[in-house]
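Given next are the chains, with one letter for each unit.
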Amino acid sequence: MFDLIVKNATLPDSTRNIDIACADGIIVGLEHDITAESRETIDATGYLVSPPFVDPHFHMDATLSLGTPRMNTSGTLLEGIALWGELKPIQSVDDIIARALRYCDLAVSMGLGAIRSHVDVCDDTLKGVEALLEVRAQVAPYLDLQLVAFPQDGVLRDPTAMANLIRALDMGVDIVGGIPHFERTMQQGADSIRQLARIAADRGLMIDMHCDESDDPSSRHIETLALETQAHGLQGRVTGSHLTSMHSMDNYYVSKLIPLMTEAEINVIPNPLINIMLQGRHDTYPKRRGQTRVPELRDAGLTVGFGSDCVMDPWYSLGRADMLDVAAMGLHVGQLSSRKDMEWCFDAVTVNSAAIMGLKGYGLAKGNKANMVLLQARDRIEAIRLRAHRLATIRGGKIIARAAPVVSDLNLPGRPETVNPADYAPQTNQD
Ligand code: FE2
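Note that this is a predicted model, so its numbers are computed, not measured.

Cut-offs applied
Residues numbered from 1 in each chain as written. Predicted model: local features only at pLDDT ≥ 70, side-chain atom pairs only at ≥ 80, totals over all residues. Heavy atoms only, no water. Disulfide = S-S within 2.5 Å. Helix = DSSP H or I, 4+ residues; strand = E, 2+ residues; numbered from the N terminus. Buried < 20%, exposed > 50% of the residue type's maximum accessible area, 1.4 Å probe, protein only. Domains from an automatic or database assignment. Contact = heavy atoms within 4.5 Å. Buried area = accessible area lost by both parts, 1.4 Å probe. Salt bridge = Lys/Arg side-chain N within 4 Å of Asp/Glu carboxyl O. Polar contact = N/O pair within 3.5 Å; in protein donor to acceptor, adjacent residues only side chain to side chain. Nonpolar A, V, L, I, M, F, W, Y, C, P; charged D, E, K, R; others polar. Pairing = 2+ DSSP bridges. Axes fitted to C-alpha atoms, helices over the stretch in contact; angles between N-to-C directions. Expected span 1.5 Å × (residues − 1).

Peer 1: With reference to specific residues and values, describe the state of the cysteines.
Peer 2: The tally for this structure, following the rule as stated, stands at zero disulfides. Of all cysteine sulfurs in the structure, the one in Cys104 sits closest to Cys310, which takes part in no disulfide; the separation is 16 Å.

Put into structure tokens, the structure is as follows:
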């Protein structure tokens, strides 16, 4: 007797009519026509079943704070930073926990199964750390939350940040963060990377730094991060988030930089919604896009996953935990419009991001965790095109969120009675 069978699924590789059997939280069958009994059955009716969405870059200590203590009226990064400085001292641990849990509810309904969140350690009370450690424990049954100790004001620039970061790691934060481009000079930025890499190596931890998040073509922190990664034998365990400067760097220099990053097996996390919103602000016209060199980094063999970064916080008023919206922006800004590239953009918010986070048992295969999302779309490209409606989120073989399909009733002479947006498909199946 199985716990759950998902009937008539289409898998991300476009294999059709697959039944997925789940027992004891594990996928135990993945084949055509499973007839055994099950406590619960859900009919996917040919829609796409994917492993859950994964957001590899988020700020859960700030999310849903939009409007507290006031709105970001200009919509700029600078006012956002000022606003966060006003909010930090007045928010309580309980405020942060309540907002974060509410965000996790939304995330589950949108098919997210894992989130890597940075948590600001530039606050001597470490309220954010205390709050998100509690949230990590509370949501563990339905959402994997990974925490990065993030020195928002610069680990060397802020006099107590290094001590706070170490305290946060002692309290149980998972990953070492950094923000070298925000230190006072390029030299201090490089020093911060060396010190943080040593801490990560000594403790056996992963690294995920906000790195070169500017339009400065001469920012060089990813180079230092790649070198330190190799020096400490941390290959494959280090992530460069944002890397927006690479958009503006000299092409010859980049031709030298990318092989260095490849040797260090650096993981790459662009945040398309935020990068396109915040970068190029000092430009007149033409304005730079500010998204890092996604296809070039991918083609060099690096793992690239898209993150959402912000939802309704001091820096970004919009967002709704929709990783398909993130994938769509990454697709457009990166001009990733071939059929294969569009499919890859779906992978960037699922399997690639799961690999960066090091999630165990992720993916639709026998023996893996029975975690998945049912989408009102027929394949990966249609999922992005439609920002497909989430019909069910499944965790450990249990349905933890469910929604009715979106179908409109029509009242037009001589036309069909209903319209389902997922019924509009290309005229050919050929690539
Ligand atoms: Fe960020």
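Next comes the rest of the description.
Peer 1: Residues and numbers for the environment of Phe182, please.
Peer 2: The residue Phe182 is located in the loop between strand E9 (175–176) and helix H5 (186–203) in this model. Residue class for Phe182 comes out partly exposed when judged on its relative accessible area of 26%. Linking Phe182 and Asp123, residues 59 residues apart in sequence, is a C-alpha distance of 17 Å.

Peer 1: Help me get a handle on the domain arrangement of the protein, residues and values and all.
Peer 2: You can read the domains of the protein as domain 1 (2–51 + 363–423) and domain 2 (53–357). Taken over C-alpha atoms, the centre of domain 1 sits 31 Å from the centre of domain 2. Contact residues are listed per partner, giving 16 residues for domain 1 and 26 residues for domain 2. Each partner contributes to the roughly 1800 Å² buried at the junction of domain 1 and domain 2, and carbon and sulfur atoms together form 61% of this total. Remark: the boundary between domain 1 and domain 2 carries five salt bridges. Residues Asp347 and Arg380 are paired through a salt bridge, measuring 3.1 Å at the closest nitrogen-oxygen approach. At the boundary of domain 1 with domain 2, the tally comes to 10 residue pairs in polar contact (both at pLDDT 80 or more). Sorting elements by how many residues they give to the side of domain 1 that touches domain 2 places helix H13 (residues 380–386) first, with four residues. In the side of domain 1 that touches domain 2, the residues fall into 10 nonpolar, two polar and four charged.

Peer 1: Requested: an account of the environment of Thr292, with residues and values cited.
Peer 2: In this structure, Thr292 sits in the loop between helix H8 (272–278) and helix H9 (294–299). Given the relative accessible area of 4%, Thr292 is considered buried. Taking the C-alpha atoms as reference points, Thr292 and Leu410, separated by 118 residues in sequence, lie 44 Å from one another. Not counting residues within four places of it along the chain, the set of residues in contact with Thr292 comprises His242, Leu243, Met246, Val268, Pro270 and Leu297. Separated by 3.0 Å, the side chain of Thr292 and the backbone oxygen of Leu243 make a polar contact.

Peer 1: Give me the sheet that holds strand E1 (residues 2–9): which residues, what numbers.
Peer 2: The strand order across the open sheet built from four strands is E3-E2-E1-E4, with neighbouring strands paired in mixed fashion. The outermost strands of the open sheet, each flanked by one partner alone, are strand E3 (26–31) and strand E4 (38–43). Taken over all neighbouring pairs, the strand axes of this sheet differ in orientation by 20° on average, direction set aside.

Peer 1: Tell me about helix H3 (residues 127–139), and name the residues and values.
Peer 2: Its 13 residues give H3 an end-to-end C-alpha distance of 18 Å, which sits within 8% of 18 Å, the value for a rise of 1.5 Å per residue. Taken together, the buried positions of H3 are Lys127, Gly128, Val129, Ala131, Leu132, Leu133, Val135 and Val139. The elements touched by buried residues of H3 are helix H1 (77–90), helix H2 (93–109), strand E7 (112–120), strand E8 (144–150) and helix H4 (161–171).

Peer 1: Tell me about the pattern of salt bridges, residues and numbers included.
Peer 2: In the structure shown here, the tally under the stated rule is 23 salt bridges. For Arg298, the salt bridge is made with Asp299, and the minimal N-O distance between the two is 3.0 Å. Residue Asp299 is classed as exposed on the basis of its relative accessible area of 59%. When salt bridges that share partners are traced, they join Arg70, Glu79 and Glu86 into one network.

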